[in-house]
Each structure stands twice: as structure tokens, then as C-alpha cells.
Amino acid sequence: MDARTSDLQATPNALYIGDIARRSGRSVHTIRWYEAQGLMPGVVRDRGRRRVYNDYHIGWLDLMERLRLTGMSIKQLRDYTTLVKQGSATLRKRRALLAEHQLRVRAMIAKWTEALALVDAKIEFYDEWVAAGTRPKVSPQQRARAKRSATRA
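It should be emphasised that the depicted structure is a prediction, and the values quoted were computed from it without experimental measurement.

> Tell me about the overall build of the chain, and name the residues and values.
Summing up its helical and strand segments, the chain has seven helices and two strands in all. Over its C-alpha atoms the chain spans a radius of gyration of 24 Å, topping by over 25% the 15 Å that the globule rule assigns to 153 residues. When each of the 153 residues of the chain is scored for burial, the buried share is 27%. Of the accessible surface of the chain, which amounts to about 10,400 Å², a share of 55% is contributed by carbon and sulfur atoms. For the chain, the centre of its 30 positive side-chain charges and the centre of its 15 negative side-chain charges are spaced 5 Å apart.

Okay, structure coming up:
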């Protein structure tokens, strides 16, 4: 048994997989998947060979899920996790990796915003058509372009 394992035995905030599942809102299966993918740093085992987690892991799972939801690949998640495991010497690399991801997310948000504007315009188009009983003269594309121009001005 190493020092980290014995230290965790005395840690009052030690959590087991059911605890972390309840506290994080994620399934046991999901937590085990993240661990199997190498995406859960700092998990140790107690004397009974059970995995022991702590509050850090709850925040970590939240970060991993949000990065995944914003399109970060599993490979990029692994790269980031590897850098974290290497300690503070990798802070600049971690920041750079997240900054690159942030740029991709902002670009995607801009595309989604533009796509949503067209969906909104199409709904307005149908609302107007239903209310007036005749097809509107201004197309959804024209409406979306006009709104985009107005917000840029």
C-alpha cells in the first residue's frame, strides 16, 4: 500500500463510486467509462481495493462532460488529462489546449447562432402566413439577413 492510499483512509471526504455517482448526477457506468478511458486522474484504491474518489473528482467529471459537450474529442480529453497528471509544469500547455478549444467553441456558437436565426425567421414566416392567410413576400432568408445586418449596425 502506498502513502496516497493510506492517507485517503483517513480523509473524511473520501467517496466511493456510488457516492460520486449520486453527488455528480452521473451513472456508475459513466464514471467507470471515464476512468477506463484514462480521463480520471488521482483515483486510488483503499485496502479493500475499492476505488476512492473525492470532491475534486466531482468537479473533474463536470469539466470533462462540458468539454465533451462542446465538441472536444476523446483524444483531446486524454491529452489534457495527461498534462494535468504531469503537474504544474504543464500549465501553459493546458492553457493553450483550452484556448484552442475555446476558439473552436466560439466559432461553432457563431454558426449555431446564424442557423438558429434562420429557424426563427422560418417560424415567423409561418406565423405570418397562418395569421394573414397568404404567403409573406419576405422570405425567411431575407428576414434572417435583415436581422443580422441590424444587429451588426
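That was the structure; now back to the text.
> Residues and numbers for the environment of alanine 107, please.
Mapped onto the elements of the fold, alanine 107 is located in helix α6 (residues 91–132). Look at alanine 107 and you get partly exposed, because its relative accessible area is 40%. Residues alanine 107 and tyrosine 56 lie 51 residues apart in sequence; the distance between their C-alpha atoms is 30 Å.

> Describe the pattern of salt bridges, with residues and values.
Within the structure shown, the criterion is met by 10 salt bridges. Aspartate 19 is the partner of arginine 22 in a salt bridge, and the nearest nitrogen-oxygen pair spans 2.9 Å. Here arginine 22 pairs with aspartate 19, and both are found in helix α2 (residues 17–24), just three residues apart, close to one helical turn. Its relative accessible area of 25% is what places aspartate 19 among the partly exposed residues. Each of Arg26, Asp62, Glu65 and Arg66 takes part in one network of salt bridges that share partners.

> Explain unusual backbone geometry to me, and be specific about the residues and the numbers.
Residues other than glycine seldom take positive phi values, yet arginine 49 does so here, at roughly 70°. For arginine 49, a relative accessible area of 56% translates into the label exposed.

> Before we move on, can you summarise α6 with the specific residues and values?
Compared with the 62 Å implied by 1.5 Å per residue over 42 residues, the 60 Å span of α6 between its first and last C-alpha is a close match. Taken together, the buried positions of α6 are Arg94, Leu97, His101, Val105, Ala121 and Phe125. Once α6 finishes, glycine 133 follows within two positions and takes phi at roughly 80°, a positive value.

Thresholds applied
- Residues numbered from 1 in each chain as written.
- Predicted model: local features only at pLDDT ≥ 70, side-chain atom pairs only at ≥ 80, totals over all residues.
- Heavy atoms only, no water.
- Helix = DSSP H or I, 4+ residues; strand = E, 2+ residues; numbered from the N terminus.
- Rg over C-alpha atoms; globule rule 2.2 N^0.38 Å.
- Buried < 20%, exposed > 50% of the residue type's maximum accessible area, 1.4 Å probe, protein only.
- Areas by Shrake-Rupley, 256 points an atom, 1.4 Å probe, with all protein chains shown as cover.
- Lys, Arg positive; Asp, Glu negative; His and termini not counted.
- Charge placed at Lys NZ, Arg CZ, Asp CG, Glu CD.
- Salt bridge = Lys/Arg side-chain N within 4 Å of Asp/Glu carboxyl O.
- Expected span 1.5 Å × (residues − 1).

None of the figures reported here should be taken as evidence of function without further support.
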